[in-house]
Structures are given as C-alpha cells and as structure tokens.
Amino acid sequence: MTGGGTGLAVALATVDRDGRLIDADGRLAELNARAGGAPGQPVAVPQIAALVRLAQRLGIGISRNVIAADGEEDLELWVRAEPRDGKIGVEVTGWRPRPVWRSVAAEPERDADFFRSSADWQWETDASLRITFLSFEAGARYGFDSAAMLGQPLTRMFALAQDEHGNLPILTAVAAQARFDGQKAELRDTGRSVRLDATPRMDPGGRFAGFIGGARMLDEGPEPVVEPALPARSFGGFPDSLSQRLDRALRGPLGKIIANADSISARTEGPLKADYADYAADIANAGRHLLALVDDLVDLQAIEREDFATIEEAIDLADVARRAAGLLAVRAVQADVRIDRPATGQSMPVTGEFKRALQILVNLIGNAVRYSPAGGTVWIRLEYSASMAHVIVADQGKGIAEADQQRIFDKFARVDPDEPGGSGLGLYIARRLARAMGGDIAVDSAPGLGARFIFTLPAREAPVTRTGVFGA
C-alpha cells in the first residue's frame, strides 16, 4: 500500500454534480488513482462515489464509516460528503489499514446486523441526532413521509417517552456514547407506538457520530371487528382470516429479506463483487414485489367485505399529494423522471380518510413514474368542479387505448400481461377506496399521448374560483 501513514489528517476533494472528480488532496488523489480514476473522471472509489450520490440526491451532508480496498489491503475511512454551491465537498479521515478478513465482527457491526434483521424498519442519525436514513418502505406502510424526515431532528419524527424511572434511554445513551434498548416513543404523524433500539456509531477519532437503529411497532393499528364468517368471495373463496394470516406470516420474513438484501446491495459492510451486489438488489426488488402483493391481498379482502367503510376525516388533499410524491422521490430519481408536485402553499380541504387517500395517490403517481420515459415528467395538478375536489396525475407514457380504459379498473386486469408490473389489483382497489370515501377515479388517455388519472373527493370548502386549475 502506498497511501501513506495512518492518522486523522483530513483529505479533501470536490466532486461536480455528475460525480466527476474536480480536485483532491494528495492522499485521496492517490487512492482514487490507484482505483483507476483521475481528475475529470467519475470518482473511482465505489464507497466514496456512492456516498457522494446519496448526499447530492438528499441535499444534506452524509457521514459514513467505509472500508475501501487498496491493493492487497483494506483501508478504514471516515467519509463526509456535503452539497456546496452545486458541487459536493468530500472530507476523508481515518486512513487506518485493516486486515481484509476478520474472523469476528466488531460489536457495533453485530448490533447493526441485528437491527437490520429483527426490526420492522431501520433508521440512522448523525451526532446531532438528525435523521440521515430511514427505510423507504416504512413511510408508505406506517403513514409518514420518509423523504421529508431526512435531515430533521429525531424528535420531529418521534415523541419520546420516559421509562419507569423517569429517564429517556436515548439521552442516557448519548451521554454514555453507548447502546440503548427499549426507548418507547410515538410517531408524531400517526400517534402509533414504537420501540427504538440503537447502537452508537463512532468516527475514526473515537468521537460519537450518531446512531444506527431499528424500530419495532408496538401496535398493529386498528384491528378489524370480528364478525361471523361471511360467504366466500368471488375472487377465490378464501376465508376472511386468510389474508390476515398471510400478512402476519409473510410480512416479517419479507421485511428482513428486503432489509438484508438492500444492505448487501449497498455494500454497507465493505467491498463486494458487482455481480453479487446486483443479485442482492434483484432479491430486494423481488421481496418488495411479494410484499406489495401481500398488501394488495389484504386490501382486497377488506374492501370486499359487506361492512367495509372508510373514516371521515378533514384532510388536505394537496398535502396528501405532496406526501405521496415525496414517498416516490427516490423511485423517480432512479427512473430519471421528474415529479412536478403541488406547491407548498397550495391547499385543498376535502373529506376522506388520510391513510386511504395517501394509498390511492401513491398508486397513481407510482404508476405514472413506472410508465413515463426516461427524462419525462409526471404532473400533479389540483382542480375544483361543483362540490368536488380533484387531483390530476398526468404522465408522458404510451397512453391507454379507449377500449382498455374501463378494463384497467377491473380486478386482476392487465392491459399487457407480459409487461413487468403489479398484480392487476392496484387500480381496482384504488377506485373502490375512492368510491367508499364518496369520490371516484377516472382516466383520460389516448395511445401515444400519455394518461391523466383524476382522483376525486368531496370538497370541504368552496374555492375562490370554481373553474380552472386551483392554485395555479
């Protein structure tokens, strides 16, 4: 290895918005060169390049402990990437050589593995307890905006509860720079109870750098009222309890598969052959597909019950649309699709159930992102007509033939069965939910001209003007 001695001296670099190295200090420049890079070319050290991309996508500073291969040895580095004036500033300290293979993992790494495998979802913070990572799927499942929480204080997301001695375990852990278990809290956006456990992350100087943690839900959400068994449903004759048993039996194992496969794909524990990382990404995607199918089956069972009803809440449909767009922001970036969401100041008061309205808009916007071409845009617009409020989701995809525009709302319907996609239940469930809330979903499309899906709910307040685009 020719990277010089170890120590805590900082090596600096600047990277442009396309991931190309502009300049770097000697030690970092040498490491990048040994990895096959040069100024004006993409950063060649994969772990640093991945951190740069993440910081640029989230728009906040990100710090990580990484292991980078350097010839026959590995280097343990502490890397911070931070957006600055359209570029990304990189600071690297540590530079500690370590054996390529270790027979026993360090305690924090074992703890991190435990959280990834046993928790319902994962979270991380920096030293000031600002959130730097949240499991993406957790937001959609438990009713909060994962993207909006990044960079926020942990207490913005959780209302922390004292233990039986009147202490907050997390604060005790910060003071001791130690692991904590059993911090009870409440999700501020939903009021649901959760237990937090975490292990501390240390920087190369031994200073506290944040927590790697897991969250376990302490409640199952509203339980359905137990009723006498109803006749078998037309979709397959399964008993009502089957989907609930499937949900409980499959959700936990699938969540663990997804979390661990994502961890392997992201190479969080060190260098890994690209082929294996790609295999892990495929496993995670397959797990998400199966988890979405479980969600669809549970929802299908619920909406086809004779006693199914939604909750009447006063909600802001513009805010729900912004939250749905935020939950799909990462997927849109990966697909090179821009989501043009309602402006922060726009409001659309309606009557409906928040969770179900969010579910509908995640489905509609997710479909629009899926079928949009690279470089395309998905528009979300707000309109009023008479006493109804409308959210319009428009894409630039290939469009839907008139003969198929009603069929896509049928149960298990797929316009093109050979095209990758979901179960054929999403739009069926979305329309049933919209109608249960006193609204509807319609489509306006033509081949080659994209599609416009119109989600309608009863308005709570009359707009200033009854025609045109509201708030445009």
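Rules behind the numbers
Starting afresh in each chain, residues are numbered from 1 along the sequence in its written order. Selection of residues for local features in this predicted model requires a pLDDT of at least 70, selection of side-chain atom pairs for listing and counting requires 80 or more, and totals for whole chains, interfaces and linings are taken over all residues. Excluding hydrogens and water, the side-chain values take into account all heavy atoms of the structure. UniProt positions are given in the numbering used here, feature names are shortened, and annotations may be inferred rather than shown by experiment. Only DSSP runs of H or I with at least four residues qualify as helices, and only runs of E with at least two residues qualify as strands; both kinds are numbered from the N terminus onward. Partly exposed residues are those whose accessible area sits between 20% and 50% of the maximum for their type, while under 20% is buried and over 50% is exposed, using a 1.4 Å probe and protein chains only. Whether two residues are in contact is decided by their heavy atoms, any of which lying within 4.5 Å being enough. What qualifies as a polar contact is a pair of N or O atoms within 3.5 Å, subject to a donor-acceptor requirement within protein and to the restriction that residues adjacent in sequence count only when both atoms come from side chains. Only the contacting stretch of a helix is used when fitting its axis, a line to C-alpha atoms as for every element, and angles between N-to-C directions run 0 to 180 degrees. Here the word oblique covers every angle except those under 35 degrees (roughly parallel), over 145 (roughly antiparallel) and from 65 to 115 (roughly perpendicular). Note: crossing handedness is left-handed where the near helix turns anticlockwise from the far helix by less than a right angle, and right-handed where it turns clockwise. Note that Gly is not counted as nonpolar here; it falls among the polar residues with everything else outside the nonpolar set of Ala, Val, Leu, Ile, Met, Phe, Trp, Tyr, Cys and Pro and the charged set of Asp, Glu, Lys and Arg. Each nonpolar core is a collection of buried residues, namely Ala, Val, Leu, Ile, Met, Phe, Trp, Tyr and Cys, held together in the definition by side-chain atoms within 4.5 Å. By convention in these notes, a salt bridge is any Lys or Arg side-chain nitrogen within 4 Å of a carboxyl oxygen on Asp or Glu. When DSSP locates at least two bridges between a pair of strands, those strands are taken to pair. We place a 1 Å grid over just the protein atoms. Points where a 1.4 Å probe fits but has no way out form a cavity, open points with protein on both sides within 12 Å along at least 5 of 7 lines form a pocket, and any residue with an atom within 4 Å of a point lines it. Grid points are joined across faces, edges and corners, and a volume is the space filled by probe spheres set on the points. pLDDT measures the predictor's confidence residue by residue and takes values from 0 up to 100.

As recorded by an unreviewed UniProt entry, the protein carries the name histidine kinase and is attributed to Sphingomonas rustica. Per UniProt, the comment on the protein under Catalytic activity (unreviewed entry) is "ATP + protein L-histidine = ADP + protein N-phospho-L-histidine."

Teacher, can you tell me more about the overall build of the protein here?
When helices and strands are counted, the protein shows 13 helices and 18 strands. Sorting the 472 residues of the protein into buried and exposed places 43% on the buried side. Partitioning the intrachain contacts of the protein with sequence separation of at least 6 by distance along the chain shows that 61% fall at a separation of at least 24.

Sorry if this is basic, but what is going on with helix 10 (residues 317–327) here?
For an α-helix, the turn length of 3.6 residues means that residues three or four places apart are oriented alike. Most of helix 10 is tucked away, with nine of its eleven residues classed as buried. Of all the residues in helix 10, the buried ones are Leu 317, Ala 318, Val 320, Ala 321, Arg 322, Ala 324, Ala 325, Gly 326 and Leu 327. At the N-terminal boundary of helix 10, the capping side chain belongs to Asp 316, with an oxygen 3.0 Å from the backbone nitrogen of Ala 318.

Got a minute to help me understand the packing of helix 10 against helix 12 (residues 354–371) in this structure?
A pair of packed helices is captured by two measures, namely the crossing angle of their axes and the spacing between those axes. Running from N to C, helix 10 and helix 12 cross one another at 50°; their axes reach a closest spacing of 9 Å. Between helix 10 and helix 12, the interaxial angle falls into the category oblique. For helix 10 against helix 12, the interelement crossing comes out right-handed. Across from Leu 317, Val 320, Ala 321, Arg 323, Ala 324, Ala 325 and Leu 327 in helix 10, the residues of helix 12 making contact are Phe 354, Ala 357, Leu 358, Leu 361, Val 362 and Ile 365. Grouping the amino acids of the contact of helix 10 with helix 12 by side-chain chemistry returns twelve nonpolar, no polar and one charged.

So what exactly am I meant to see when it comes to the nonpolar core here?
Across soluble globular proteins, you tend to see nonpolar side chains buried next to one another. Of all hydrophobic cores here, the largest spans 48 residues; its most connected members are Leu 317, Leu 361, Phe 453 and Phe 455. Secondary structure elements with two or more residues in this core: helix 9 (274–303), helix 10, helix 12, strand 15 (377–385), strand 16 (388–394), helix 13 (426–436), strand 17 (440–445) and strand 18 (451–458). Considering every element that reaches this core, the biggest residue donor is helix 12, with eight residues. In this structure, Leu 317 is in contact with Met 348, Val 350, Ala 357, Leu 361, Val 391, Phe 455 and Leu 457, ignoring residues within four places of it in sequence. Residues Ala 55, Leu 77, Ala 81 and Val 92 belong to the second largest nonpolar core, which totals 25 residues.

Mind showing me how you'd approach the pattern of salt bridges here?
One side chain can pair with another of opposite charge once the charged atoms of both are near each other. The full count for this structure, using the stated rule, is 18 salt bridges. Between Glu 82 and Arg 80 there is a salt bridge, with the nearest N and O atoms lying 3.6 Å from each other. With relative accessibility at 28%, the residue Glu 82 sits in the partly exposed group. The class for Arg 80 is partly exposed, based on a relative accessible area of 27%.

Help me out: how do you make sense of the environment of Ala 314 in this one?
Following the sequence through the fold, Ala 314 ends up in strand 12 (residues 313–316). Residue class for Ala 314 comes out exposed when judged on its relative accessible area of 59%. Discounting chain neighbours no more than four positions away, the residues touching Ala 314 are Val 350 and Arg 460.

Please clarify how the sheet that holds strand 17 should be interpreted in this entry.
Strands pair in a sheet through their backbones, by hydrogen bonds, and they do so in one of two ways: parallel or antiparallel. Read from one edge to the other, the open sheet built from five strands follows the order 13-15-16-18-17, with strand pairing classed as mixed. At either margin of the open sheet sits one strand with a lone partner, and together these are strand 13 (338–340) and strand 17. Averaged over all pairs of adjacent strands, the angle between strand axes in this sheet comes to 20°, irrespective of strand direction. In the sheet, strand 15 pairs with strand 16 via seven bridges, with the strands oriented antiparallel. Residue pairing for strand 16: Ser 385 is matched across the bridge by Met 388.

Please clarify how empty space enclosed by the protein should be interpreted in this entry.
Rolled over the atoms, a probe sized like a water molecule indicates the empty space that remains. Tallied over the full model, the rule gives one cavity of 30 Å³ or more. Of the pockets and cavities examined, the largest cavity occupies roughly 80 Å³. Secondary-structure elements contributing two or more residues to the lining of the largest cavity are strand 1 (7–15) and helix 1 (26–34). In terms of residue class, the lining of the largest cavity is built from eight nonpolar, one polar and no charged.

Please explain the pairing of strand 17 as it appears in this structure.
Each regular strand shows side chains that alternate between the opposite faces of the sheet. Of the two faces of strand 17, the one lined by Ile 441, Val 443 and Ser 445 is fully buried and the one lined by Asp 440, Ala 442 and Asp 444 carries no buried residue. With six bridges joining them, strand 17 and strand 18 adopt antiparallel strand pairing. Bridge pairing in strand 18 links Asp 444 to Arg 452. Where strand 17 folds back on strand 18, the antiparallel hairpin that results is connected by five residues, among which Gly 448 adopts a positive phi of roughly 80°.

Is there a simple way to explain the confidence of the model for the protein in this structure?
The predicted coordinates of low-pLDDT regions are not to be read in fine detail. In this model, the protein carries a mean pLDDT of 78, and residues with pLDDT of at least 70 account for 79%. Contacts of residues 1–7 to residues separated by more than four positions or lying in other chains number 19 contacts, the stretch itself having pLDDT below 50. Residue range residues 100–113 is modelled with pLDDT below 50. Its contacts to residues more than four positions away, or to other chains, number 15 contacts.

What's the story with the side chain of Gln 47 in this structure? I'm lost.
Along the polypeptide, Gln 47 turns up in helix 2 (residues 46–58). For Gln 47, a relative accessible area of 12% gives the class buried. A polar side-chain atom of Gln 47 sits 3.2 Å from the main-chain carbonyl oxygen of Ile 67.

Looking at this model, I keep getting lost on the environment of Gly 399. Mind explaining?
Assignment of secondary structure puts Gly 399 in the loop between strand 16 and helix 13. Overall, Gly 399 belongs to the partly exposed group, its relative accessible area being 22%. Between the C-alpha atom of Gly 399 and that of Asp 444, which follows or precedes it by 45 residues, the distance is 9.1 Å.

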